[in-house]
Structure formats: C-alpha cells, structure tokens
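Secondary and tertiary structure notes
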Amino acid sequence: MHAPVKETIAPATTDVAPQPATPRERRWALGLLLAVSTVAFIDRTILNTTGQAIKTDLKLSDLQLGLLGGTAFALLYGVLGIPVARLAERYNRVRIIAIAMAAWSAMTALCGMASGFTGLLLARIGVGIGEAGAGPPSQSLIADYFPPDRRASAFGVLGLATPIGIIVGAIGGAVVAQHFGWRAAFLIVGLPGLLLSAIVWFLLREAPRGLADGHLAGGETPPLSAVVRRLAGSRAFRNLLMAGIVVSFVGSSGMTFTHPFFVRSFPVGYTEAAIAFALMNSVSLAGGYLLGGFVTDRLGRRDVRWYGWMPGICMILTAITYVIGFSQSTWFWTIVLLIPPGLFAGVYFGPTFSILHNLVEPRMRASATAILTLTTGMIGMTLGPLVTGWLSDIYAARAFAGDYALACADGGTAQACITASASGLRAALVTVCAVFAVAGFNFLRAAGSLPRELAHMSNGTGAAGAG
C-alpha cells in the first residue's frame, strides 16, 4: 500500500525507461479500483431491483421507471465525463476519484429521502454527476499499471464490478426493500462509499503516465480536439463506438427491466426474483468478463484481430440466446436459458477498453474513455430503458382488453393490468435484445483495421489510421 503522491510532470522525452509497477502494486491498485467500480455499480443500479416497489409506491408508469433507471443517470454522467477527463489528464486522478465517490454516495442516500417522482429524478441525476468522476480516471490509472498485452485482462477483472454489484445490490437491495422498504435500501447502499473514498484518498498511488508503456508521457496534455481527431480518424474506433452504443442501449434496458419482468411474469416475490436475477447474471457475466479479458489477450498475441473477433461472435450469440430466454413461459426454463447470454454479453468489456487505450497516447486515455462513455451513455443508456419502457406500455395496451392507460393508471395492481403489463414487458425485452446482433457486426468490422492501426501506434507514428 502506498500513500498517494501529487501529480508530477514527467520528462517530455520518450526514451526514459521508468521502473514498471510490481505485481503487488498492480494487484492493490486493480483491487481498490474494482471496489470503487463495484460500489458505483451498486449505487447506479439499486433502483433496478427496487423498481417494482418504487413503481407501486409512487404510482409510476414504465416510461417514468425507464427515465429513472437510465435516462436521468446518463444525462449528466456522460456530459460531465468530458470535463472530468480533461482534469484527469492534468491532475491527480486518485484525488478526483475519491471526491467523486463521496459525492455520488451521498446522492444515493438522498434518493431514499425523495417524496415523489421529481425528487427521485433529481437525486438520480446527482448520482450521475458524481459517478462521472470515476470511470475515465480509473481506466487511465489501470492503463498506467498494466502493459498493452495485459490490459484486456485487467479491464476484464475491473468488469467484475458488474456481477459483484449485481449480487450485493440485487439480493441485498431486494431483501432490505421487502422488509424495510425501498427507501432504506438506498440509504444503506449509499453509506459504504463514503468510507471507501477515504481509503482511496490515502492508500492508492498515482502512477506516472505512460509507466506501463515503457516511456513516460510528456508534461503537455494534448487538446481535446486532438483526441477527437485521433478517434474520428480510426475506423476501428468508429465501429467500436457503434458497438458500444448498442451494448449500452440493450444492456441498460435489461438491467432496468429484468427484475420487474420476473415479478410480473411469475409467482415470485421481490427477494426471490432478485436472488434469481443476481445469481443468473453474476455467474454468467463474471465468466464473460474473465473470458473476454484473459482469453482475448492470449489469442491477441497471435493475431490482434481477436480483440474484435471475440466480442463480435459473442454478441451475435447474445442476441440469439436472449430472445430464446425471454420467450420462455415457465420460471425454470426462463432462468436456465437466460444464463448463457450473460456469459456471451460480458466478453466485450475487456477487449473494448483494451483497444481504446491501445489506440491513443497516455495523456489521451481518460479523455478517450470519457468520449466513449459520453456517446454510449447519452444514446444507449439514455434511450435504452426509455424505449423499452415505451415499447412495454404499447405492447401492454395491445394485450389489454380495454383502455389500458385509464384502467391501470393507479400503478397496475389489478390482475388484468398485471397480466397485460407482464406480456408487454416480455415482448419489449425480446424486441430490444435482438438488437445485440448489430453490435456483433460492428465488432467484426473493427477487427479488420486493428493490425494496421495498432502497428502505427507501436511504431510511434501516433496515427490511428483513417479508413
């Protein structure tokens, strides 16, 4: 463990050979950043496993639930990622992460005090503002601890924040919500982040930029316009961006509505549905993140196109298996057949961010991460739950014998409303999950240009390669 250091200005030369981080330093940094990401994921998604309780208590529509589940968070999470990333290119990233974590943890607790839709919406926006300060600085730090051919593995481990967060947030949140109310769940999950932010502040070391690349980055930070030009000139990034938008669109929809789908469609309570949701997704996603990281790094040493081939193939399989899984009419087969798509879906994470960080220079990495996050978040996370909720309401109205909007305006507690609502949500999830295939084709297209573009970077030309 190390006390943090202030940002230092490295020599501008590229022939300096800094001492790389030790295995122990790498493990500590990755473990601590994994904890940060896990808390962020829990605070971000606790609304998903308490969504049905919130819908009933506050008498919300699925459109409003979708707005709270994705859009409200994504709006400022994406937009503020850019200015935070620019700060992270210049100043101490550890300090930025710690301050941001304290902020979003406090806002999560405030969600539990909201008295209506508007107050909860504002608090969710606050969570997004705080979490904007975590992703880009964290990923930039990891790239300075791990060399290029090990970054997919490192990012794959970082991706475990999702399955760990699902277990803690889904099961813990649902248990608390069922016994003490959904407001207590928000208050409880918001508090640990305040303690962890202090640990990050005092015990995480700020790594020199370019450390894992074998040469320290110069002290001058490239302007944002240079980062945009670099990424816009990369065919691999353009396809990666399109794939990321689709993954975010469908993934955020599934995270928001799978738990409500279970509760509406089968005779299970909040806790039972949450346990099934957590175990089903955590095991499969954990396998996918590790598979996508470690296996792709190994295959990528033989042919870098595997960084695109691996997630491309798996995304197409994800679309097929999700459609099959959500189309089942029994509880047992729904759970069993929704396990494989989680495995396939998790593969994309490590290769995606490995490609991104290998395509740009050290002092561009936080900004590149923020640009990818902004675009995928603003389009994918903003529209995904919103469109899915909208489709669900439309399909439910078609399945209801009468005026669905009028008869079920009280939150849909009548049996006929619940049946129509379950049918509508099933159809919406099947429709949206089929779009995963589009991400697969974009990953496959990105693979074709990787050899040339990464060769440019390793040769020091810095040209991503147009095409």
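Only a predicted model underlies this, so the values are computations on that prediction, with no experimental measurement involved. (Residues numbered from 1 in each chain as written. Predicted model: local features only at pLDDT ≥ 70, side-chain atom pairs only at ≥ 80, totals over all residues. Heavy atoms only, no water.)

Remarks on the overall build of the protein
The helix and strand inventory of the protein stands at 22 helices and zero strands. Buried residues in the protein amount to 60% of all 467 residues. Intrachain contacts of the protein at a sequence separation of at least 6 include 85% that bridge at least 24 residues. Entry remark: accessible area of the protein is about 17,300 Å², with carbon and sulfur atoms responsible for 70%. (Helix = DSSP H or I, 4+ residues; strand = E, 2+ residues; numbered from the N terminus. Buried < 20%, exposed > 50% of the residue type's maximum accessible area, 1.4 Å probe, protein only. Contact = heavy atoms within 4.5 Å. Areas by Shrake-Rupley, 256 points an atom, 1.4 Å probe, with all protein chains shown as cover.)

A short note on the packing of aromatic side chains
Applying the stated criterion to the full structure yields 14 aromatic pairs. Here Phe 261 and Phe 326 contribute two aromatic rings whose centre-to-centre distance is 5.4 Å and whose plane-to-plane angle is 80°, an arrangement assigned as edge-to-face. Of this pair, Phe 261 sits in helix H13 (residues 235-265) while Phe 326 sits in helix H15 (residues 306-326), and the two are 65 residues apart along the sequence. Accessibility assignment for this pair places Phe 261 and Phe 326 in one class, buried. (Phe/Tyr/Trp six-rings, centres within 6.5 Å; stacked < 30°, edge-to-face > 60°.)

Let's talk about the side chain of Asn 442
As for its placement among the helices and strands, Asn 442 is situated in helix H22 (residues 436-458). Using a relative accessible area of 11% as the deciding quantity, one classes Asn 442 as buried. In this structure Asn 442 touches Asn 239, Met 242 and Ala 243, once residues within four positions along its chain are discounted.

Some points on the confidence of the model for the protein
Low pLDDT means the predicted coordinates in that region are not meant to be read closely. In the predicted model, the protein carries a mean pLDDT of 82, and 89% of its residues have values of at least 70. Within the protein, the lowest mean pLDDT, 71, falls on helix H3 (residues 62-79), and the highest, 95, falls on H15. Taken together, the stretch residues 1-16 has pLDDT below 50 and engages in 39 contacts with residues farther than four places along the chain or on a different chain. (pLDDT = per-residue confidence, 0-100.)

Some points on the pattern of salt bridges
With the rule as written, the count across this model stands at eight salt bridges. The partner of Arg 93 in a salt bridge is Glu 206, with the nearest N and O atoms 2.7 Å apart. You can see Arg 93 sitting in helix H5 (residues 93-111) and its partner Glu 206 sitting in the loop between helix H11 (192-203) and helix H12 (224-232), a full 113 residues away along the chain. Its salt-bridge partner being Asp 303, residue Arg 305 comes within 2.8 Å of it at the nearest N-O pair. On the basis of relative accessible area, Arg 305 is assigned to the partly exposed category, the value being 31%. (Salt bridge = Lys/Arg side-chain N within 4 Å of Asp/Glu carboxyl O.)

Focus: the side chain of Asp 43
With respect to the element layout, Asp 43 can be found in helix H1 (residues 23-49). Put simply, Asp 43 is tucked away with no salt bridge, and the nearest opposite charge, on Arg 124, sits 8.4 Å away. (Lys, Arg positive; Asp, Glu negative; His and termini not counted.)

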